[in-house]
2 protein chains.
Amino acid sequence: MGIFLALVHHPVLTRTGTVGTTAVTNVDLHDLARAGRTYGIERFFVVTPIALQLELVERVIRHWTEGAGGARVPARKKAFSIAEASPSLDHTVERIRERTGEEPVIAVTGAGLAQDTVPFNEAGTRYRNSTTPLLVLFGTGHGLAPEVMQRAHLRLPAILGSAPDGYNHLSVRAAAVVIMDRLLGDTGARPGPGAD
Amino acid sequence: MGIFLALVHHPVLTRTGTVGTTAVTNVDLHDLARAGRTYGIERFFVVTPIALQLELVERVIRHWTEGAGGARVPARKKAFSIAEASPSLDHTVERIRERTGEEPVIAVTGAGLAQDTVPFNEAGTRYRNSTTPLLVLFGTGHGLAPEVMQRAHLRLPAILGSAPDGYNHLSVRAAAVVIMDRLLGDTGARPGPGAD
């Protein structure tokens, strides 16, 4: 049934630590649609409860799937063919249930997560061909709100990087692509059995 | 001596296949400075021969290192502390020679590359603590011009993704971050010996 992504704009943490809503960023839609399509993601949901933002996301998707953008850049049309606007996490789960007939397992990740995590390769292998869909959530702003983290069935490890001082501030775009690569990327050039 | 990155805006291939110059994209500077800093990259060079573009890049870097941006967002100040504008690949190589006293090994990657490549983990292990600096080039537009590809000493594999139809259109931002992760990312959750 495959792997699904959701870029969550609400509920997320704001700079001040309160729970709020972030604005949709156009480059996130492009980078995650392109990466999602490249890594064989089933659907990429853009989650925002704000009516005008949903309308904006739908207009961007239409421009690249049915409109002038897609006619000019066919590769971008294919990328946006997996993108979908969604008003909430509940609605996203329902859409996946409609498509697959199964309740998705919800996975989260975050710079904070360290304990009780499932390794990326294990999660990727388990769900890429499973009849159970996996929904991976990415939080904008300062990350997914606690209520969303608590709802997750599966925790993926944090992306740690390798800065000597532990600096770790990837954009959500960057973190999401790294996670897709760790879950689904060709491991031909990776350490271990996969290495050439 | 560590690993250096250069985002190359000239000479690169244009949509029509000719060799040309692309415009600097602000989000590339932010995403690659943040990712470079997260993965412990020594310096991140933004290469463009256009005087006004160099001035723009320098102004953006100053805004985040010495200006109001850095004062407001300290993490972004640290990210941009590794960023540097450079007019050419030759100048970039010279700057690395000044810093390290060594001639850098130039590495390229590209969706096209398949043969005679060095696996990411091997290249990362070889150069992260070597006295010889590694300079990894990323081409904007439709990729690095042949003259640059021919100048490379080392070829990294292409990032292949896993789309059933072979679709492969990551943004340069996304591809660069995946390559940093494959070269330098914590492999604790990867296949093989590193796996938990």
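Shown above is the structure to which this text applies.
Thresholds, definitions, all that
- Residues numbered from 1 in each chain as written.
- Chains lettered and ligands numbered in written order.
- Predicted model: local features only at pLDDT ≥ 70, side-chain atom pairs only at ≥ 80, totals over all residues.
- Heavy atoms only, no water.
- Least-squares fit on C-alpha atoms with pLDDT ≥ 70 in both.
- Contact = heavy atoms within 4.5 Å.
- Salt bridge = Lys/Arg side-chain N within 4 Å of Asp/Glu carboxyl O.
- Helix = DSSP H or I, 4+ residues; strand = E, 2+ residues; numbered from the N terminus.
- Buried < 20%, exposed > 50% of the residue type's maximum accessible area, 1.4 Å probe, protein only.
- Buried area = accessible area lost by both parts, 1.4 Å probe.
- Polar contact = N/O pair within 3.5 Å; in protein donor to acceptor, adjacent residues only side chain to side chain.
- Nonpolar A, V, L, I, M, F, W, Y, C, P; charged D, E, K, R; others polar.
- Pairing = 2+ DSSP bridges.
- Phe/Tyr/Trp six-rings, centres within 6.5 Å; stacked < 30°, edge-to-face > 60°.

Undergrad: Honestly, the relation of the copies chain A and chain B in this entry has me stumped. Any pointers?
TA: The relation between the two chain copies is a rotation about an axis coupled with a shift along that axis. Expressed as a screw transformation, the operator carrying chain A onto chain B has a rotation angle of 180° and an axial translation of 0.0 Å, and the superposed copies differ by an RMSD of 0.0 Å. This pairing of chains is accounted for by a two-fold axis. The overlap is high: 100% of the interface residues of chain A also sit at the interface in chain B, so the same surface is used on both sides.

Undergrad: I tried to follow the pattern of salt bridges on my own but got confused; where do I start?
TA: Close approach of charged atoms allows side chains of opposite charge to pair. Following the criterion strictly, the structure yields 22 salt bridges over all chains and no others. Close ionic contact of Arg 182 of chain B with Asp 181 of chain A constitutes a salt bridge, the shortest N to O distance being 2.7 Å. Note that Arg 182 of chain B is positioned in helix α8 (residues 172-184) and Asp 181 of chain A in helix α8 (residues 172-184), a pairing that runs across two chains. Both residues of the pair, Arg 182 of chain B and Asp 181 of chain A, count as buried. Each member of the salt-bridge network shares a partner with another, and the members are Arg 43, Glu 84, Arg 95 and Glu 98 of chain A.

Undergrad: So what exactly am I meant to see when it comes to the interface of chain A and chain B here?
TA: Frequently, the measure chosen for interface size is the accessible area that the parts lose on association. Taken residue by residue, the interface counts 48 residues in chain A and 48 residues in chain B. Buried surface at the junction of chain A and chain B, summed over both partners, amounts to about 4,100 Å²; 53% is from carbon and sulfur atoms. At the junction of chain A with chain B, the criterion picks out six salt bridges. Among the salt bridges present, the one from Asp 31 of chain B reaches Arg 173 of chain A, with a minimum N-O distance of 2.6 Å. Here chain A is connected to chain B by 24 residue pairs in polar contact (both at pLDDT 80 or more). Secondary structure elements with two or more residues in the side of chain A that touches chain B: α1 (26-38), α4 (74-80), α6 (120-128) and α8 of chain A. Among the elements that make up the side of chain A that touches chain B, the one with the highest residue count is α8 of chain A (seven residues). Looking at the side of chain A that touches chain B residue by residue, the class counts come to 22 nonpolar, eleven polar and 15 charged.

Undergrad: Explain the pairing of strand β4 (residues 44-47) of chain B here, please?
TA: Residue and element names in this part refer to chain B. With burial as the criterion, each face of β4 is covered, one bearing Phe 44 and Val 46 and the other bearing Phe 45 and Val 47. The pairing of strand β1 (residues 3-8) with β4 spans four bridges and is classified as parallel. Across the sheet, residue Val 8 finds its bridge partner in β4, namely Val 47. Where β4 lies against strand β5 (residues 83-86), four bridges are found, and the strand directions are parallel. When the sheet's bridge partners are listed, Phe 44 is paired in β5 with Ala 83.

Undergrad: It is not clear to me how the packing of aromatic side chains should be interpreted in this structure. Could you clarify?
TA: Aromatic ring pairs: the centre-centre distance and the angle between the two ring planes describe each pair. Residue and element names in this part refer to chain A. Throughout the structure, instances matching the rule amount to two aromatic pairs over all chains. Seen from their ring centres, Trp 64 and Phe 80 are 6.2 Å apart, and the 15° between their planes marks the pair as stacked. Of this pair, Trp 64 sits in helix α2 (residues 51-65) while Phe 80 is found in helix α4, placing the two residues 16 residues apart along the sequence. Judged by relative accessible area, Trp 64 falls into the buried class, the value being 11%.

Undergrad: Help me out: how do you make sense of the side chain of Thr 48 of chain A in this one?
TA: Residues and elements named next belong to chain A. Examined against the element boundaries, Thr 48 turns out to sit in the loop between β4 (44-47) and α2. Judged by its relative accessible area of 0%, Thr 48 is buried. Filtering out sequence-adjacent residues up to four positions away, Thr 48 remains in contact with His 9, Val 24, Gln 53, Leu 54, Ser 86 and Pro 87.

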